[in-house]
Amino acid sequence: MRDTRTAVVTGGAGFIGSHIVEALLVEGWEVRVVDNLVTGRSENLEKHQRLYVSTGDVRDRAFLTRAFRDCEVVFHLAASVGNKKSIDDPVLDAETNVLGTINVLEAARTGGVRKVVVSSSAGVFGELKTLPIREDHPLDPDSPYGCTKLCEEKLALAWTKLYGLEAVCLRYFNVFGRRQRFDAYGNVIPIFVFQALRGETLTVFGDGEQTRDFVHVSDVVAANLRAASRPGLSGAFNIGSGARISINELVRLIGKVSGLRLDVRYGPERPGDVRHSLADVGAARDGFGYAPSDGFERNLADYVEWAREEVRAR
Ligand code: UDP
């Protein structure tokens, strides 16, 4: 029996992946990161004697097979992420998310991996019909990204049935936290915070009374580690905060924690937007003791502090 447990984190140089890597190292794991460094960044990872980083792509099965040797758990985060990006490039979305996940599952199976934890998305639900959203809500994705994330889940659970590979799929709601950058496909918190810090105008789409379940990255990390440590557990679980905040309230809190006077304008509703989103996290709580923190304002302040350093460093 090896003394040190080994985990692979695909997409480990990315926003969420790098936080999982840090937590695994603190818990004493040996960690192998596989990342193609397209959206991930090596500066997200500090050097560590138990951390090994390999640059490569999940579309390359031979590469994954080498990386997964003697590994116990794989956290699979490498993906082409986001609804808009998937509409712009559905082929890249499918190749990375569907074929990439098949490669991950095959490399895991042949390498004797015990468990795969797949990062999924609330995008698998599509238009939301009930609140809060339980796992048994209809699965009717309305973007290529939602479809490929659902496909990832179904593939992973098929590998459980076929080969006994344990698979837990975590459906993230609106994740935020340090290292989440502002880009063309960005989410509302990085967009607003960076706009605020640069003295730019924030645009609220619609009346701002739409709500989202913003979940801090530390809760997502805890969910991944807890799900991995529960022997025999397989299935799909919602990972949110269990609370919802309106976009108007978000703007007010960004003003409060940053101390900035914000310039806000209201524009047309964004086509295809859902009005409200809220996770029921009861299944994750019962399944692996998931307990989200309730410090949205504190976590937002922490994000603003990080973003300030980023803006200053440029
Ligand atoms: N939003 C906004 N202004 C922006 C970006 C987003 O008002 O510049 C709103 C958007 O219309 C949505 C909410 O913020 O209602 C969350 O958007 P995001 O893209 O972060 O997440 P999703 O809609 O996919 O849950």
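A brief report on the enclosed structure follows. Quick caveat: nothing in here was measured; it's all calculated off a predicted structure.

## Some points on the site of the ligand
- Taken together, 13 residues lie near the ligand, and Val188, Thr203, Phe205, Arg212 and Asp273 sit nearest.
- Thr203 is positioned with one of its backbone polar atoms (N or O) 2.7 Å from a nitrogen atom of the ligand.
- Broken down by class, the residue content of the shell around the ligand amounts to six nonpolar, four polar and three charged.

## Comments concerning empty space enclosed by the protein
- Per the counting criterion, the structure on display carries one cavity of 30 Å³ or more.
- As a volume, the largest cavity reaches approximately 40 Å³.
- Lining the largest cavity are Asn174, Val175, Phe176, Asn187, Val188, Ile189, Pro190 and Phe214.
- When its residues are assigned to classes, the lining of the largest cavity shows six nonpolar, two polar and no charged.

## Re the nonpolar core
- Core analysis: the biggest nonpolar cluster contains 45 residues, and Phe75 and Phe288 have the highest contact counts within it.
- Of all the elements in the fold, those that place two or more residues in this core are β1 (6-10), α1 (15-26), β2 (30-35), β4 (73-76), β6 (166-172), α7 (217-229), β11 (235-239) and α9 (282-288).
- The contact partners of Phe288, leaving out residues within four places of it in the chain, are Leu170, Ala223, Arg226, Ala227, Arg230, Leu233, Phe237 and Ile239.
- Counting 25 residues, the second-largest nonpolar core is a separate cluster that includes Val98, Val104, Val116 and Ala156.

## Some words on the packing of aromatic side chains
- Across all of its chains, the model carries eight aromatic pairs by this definition.
- Cation over ring: Arg109 sits above Tyr163, and NZ or CZ is 4.5 Å from the ring centre.
- Over the face of the ring belonging to Phe182 we find Arg198, whose NZ or CZ atom lies 5.3 Å from the ring centre.

## Observations concerning the sheet that holds strand β3 (residues 51-55)
- Ordered in space as β3-β2-β1-β4-β5-β6-β11, the seven strands form an open sheet in which the pairing is parallel. Only two strands of the sheet have a single partner each, and these edge strands are β3 and β11. Mean inter-strand twist for the sheet, computed between neighbouring axes without regard to direction, equals 20°.
- Here β4 pairs with strand β5 (residues 115-121) via four bridges, running parallel. If you follow Val73 over to β5, its bridge partner there is Lys115.

## A closer look at the packing of α1 against α7
- Put simply, α1 and α7 touch, their axes get as near as 9 Å, and they point 60° apart. By the angle between their directions, the pair α1 and α7 is classed as oblique. When you trace α1 past α7, the crossing you get is right-handed. Along the contact surface, α1 presents Phe15, Ile16, His19, Ile20, Ala23 and Leu24, while α7 presents Val217, Val220, Val221, Asn224 and Leu225.
- Each residue belonging to the contact of α1 with α7 can be placed in one class, and the counts come to nine nonpolar, two polar and no charged.

What counts, and at which threshold
- Residues numbered from 1 in each chain as written.
- Predicted model: local features only at pLDDT ≥ 70, side-chain atom pairs only at ≥ 80, totals over all residues.
- Heavy atoms only, no water.
- Near = heavy atom within 4 Å.
- Polar contact = N/O pair within 3.5 Å; in protein donor to acceptor, adjacent residues only side chain to side chain.
- Nonpolar A, V, L, I, M, F, W, Y, C, P; charged D, E, K, R; others polar.
- 1 Å grid on protein atoms, 1.4 Å probe; cavity = no way out; pocket = protein on both sides within 12 Å on 5 of 7 lines; lining within 4 Å.
- Points joined across faces, edges and corners; volume = space filled by probe spheres on them.
- Core = buried A, V, L, I, M, F, W, Y, C linked by side-chain atoms within 4.5 Å.
- Buried < 20%, exposed > 50% of the residue type's maximum accessible area, 1.4 Å probe, protein only.
- Helix = DSSP H or I, 4+ residues; strand = E, 2+ residues; numbered from the N terminus.
- Contact = heavy atoms within 4.5 Å.
- Phe/Tyr/Trp six-rings, centres within 6.5 Å; stacked < 30°, edge-to-face > 60°.
- Lys NZ or Arg CZ within 6 Å of the ring centre and 35° of its normal.
- Pairing = 2+ DSSP bridges.
- Axes fitted to C-alpha atoms, helices over the stretch in contact; angles between N-to-C directions.
- Parallel < 35°, antiparallel > 145°, perpendicular 65-115°, else oblique.
- Left-handed = near helix turned anticlockwise from the far one by under 90°.

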